[in-house]
Amino acid sequence: QVQLVESGGGLVQAGGSLRLSCSAPGRIFSNYALGWFRQAPGKEREFVAAITWSGLITRYLESVKGRFTISRDNAKNTVFLQMNTLKPEDTAVYYCAADRALGLSIWPRDYDYWGQGTQVTVSS
């Protein structure tokens, strides 16, 4: 069973920053696009950002553009989500996911492997 492991969540005040990390097995990391999703209580899982295996192409949820940055370190098999200027509406459990397809899908059903999630709470 492929396991993705997220870390870096926590409690932060509005306007603050957090950096999420997700590690994946090498055979997944080098061949899959990687994405971040989030799910707030009572809401559906929502696409946040994704990055191709090469790292050259990224895609973002409109409301996080300019505040969040997705990147990957292939040498460390790790993908990051730098979150700046956080808002209370960013509060959710954040999940890392891997997609073997070439496209940067926004749909959870297109992703093949998932992590367990990390809680991000932004206080006002």
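Overview of the structure.

**Quick look at the environment of Tyr111**
Note on placement: Tyr111 falls in the loop between strand 9 (92–99) and strand 10 (113–114). C-alpha of Tyr111 to C-alpha of Val93: the two residues are 18 residues apart in sequence and 17 Å apart in space. Beyond its immediate chain neighbours, meaning those up to four positions away, Tyr111 contacts Gly35, Phe37, Phe47, Ala50, Ala97, Ala98, Asp99, Leu104 and Ser105. Engagement of the side chain of Tyr111 in a polar contact is seen with the backbone oxygen of Ser105, the distance being 2.7 Å.

**Focus: the nonpolar core**
Judged by nonpolar contacts, the single largest core of 31 residues is most densely connected at Trp36, Val79, Leu81, Met83 and Tyr94. At the level of elements, strand 3 (18–23), helix 1 (26–29), strand 4 (33–39), strand 5 (46–51), strand 7 (68–73), strand 8 (78–83), strand 9 and strand 11 (118–123) are the ones that each hand at least two residues to this core. Looking at this core, the element that brings in the most residues is strand 9, giving 4 residues. Of all hydrophobic cores here, the second largest spans 7 residues; its members include Phe47, Ala50, Ala97 and Leu104.

**Here's the deal with the packing of aromatic side chains**
One pass over the full model with this rule turns up 6 aromatic pairs. When the centroid spacing of 5.1 Å and the interplanar angle of 55 degrees are considered together, the rings of Phe37 and Trp114 count as tilted. On the criterion of sequence distance, the pair formed by Phe37 in strand 4 and Trp114 in strand 10 is long-range, its members being 77 residues apart. On the accessibility criterion, Trp114 (23% relative accessible area) is partly exposed. By way of ring pairs, the aromatic residues Phe37, Phe47, Tyr95, Tyr111 and Trp114 are connected into one cluster. The residue whose ring lies beneath Arg45 is Trp114, and the NZ or CZ to ring-centre distance is 4.9 Å.

**Here we look at the sheet that holds strand 3**
Hydrogen bonds along the backbone pair up the strands of a sheet, which may run parallel or antiparallel. Taken in spatial order, the 4 strands make up an open sheet running 1-3-8-7, and their pairing is antiparallel. Bordering the open sheet on either side are strand 1 (5–7) and strand 7, each of which pairs with just one other strand. Along the sheet, successive strands turn relative to each other by an average axial angle of 15 degrees, direction set aside. Relative to strand 8, strand 7 runs antiparallel, the two sharing 6 bridges. Following the sheet pairing, Thr69 is matched in strand 8 by Gln82.

Parameters at a glance
- Residues numbered from 1 in each chain as written.
- Predicted model: local features only at pLDDT ≥ 70, side-chain atom pairs only at ≥ 80, totals over all residues.
- Heavy atoms only, no water.
- Helix = DSSP H or I, 4+ residues; strand = E, 2+ residues; numbered from the N terminus.
- Contact = heavy atoms within 4.5 Å.
- Polar contact = N/O pair within 3.5 Å; in protein donor to acceptor, adjacent residues only side chain to side chain.
- Core = buried A, V, L, I, M, F, W, Y, C linked by side-chain atoms within 4.5 Å.
- Buried < 20%, exposed > 50% of the residue type's maximum accessible area, 1.4 Å probe, protein only.
- Phe/Tyr/Trp six-rings, centres within 6.5 Å; stacked < 30°, edge-to-face > 60°.
- Lys NZ or Arg CZ within 6 Å of the ring centre and 35° of its normal.
- Pairing = 2+ DSSP bridges.
- Axes fitted to C-alpha atoms, helices over the stretch in contact; angles between N-to-C directions.

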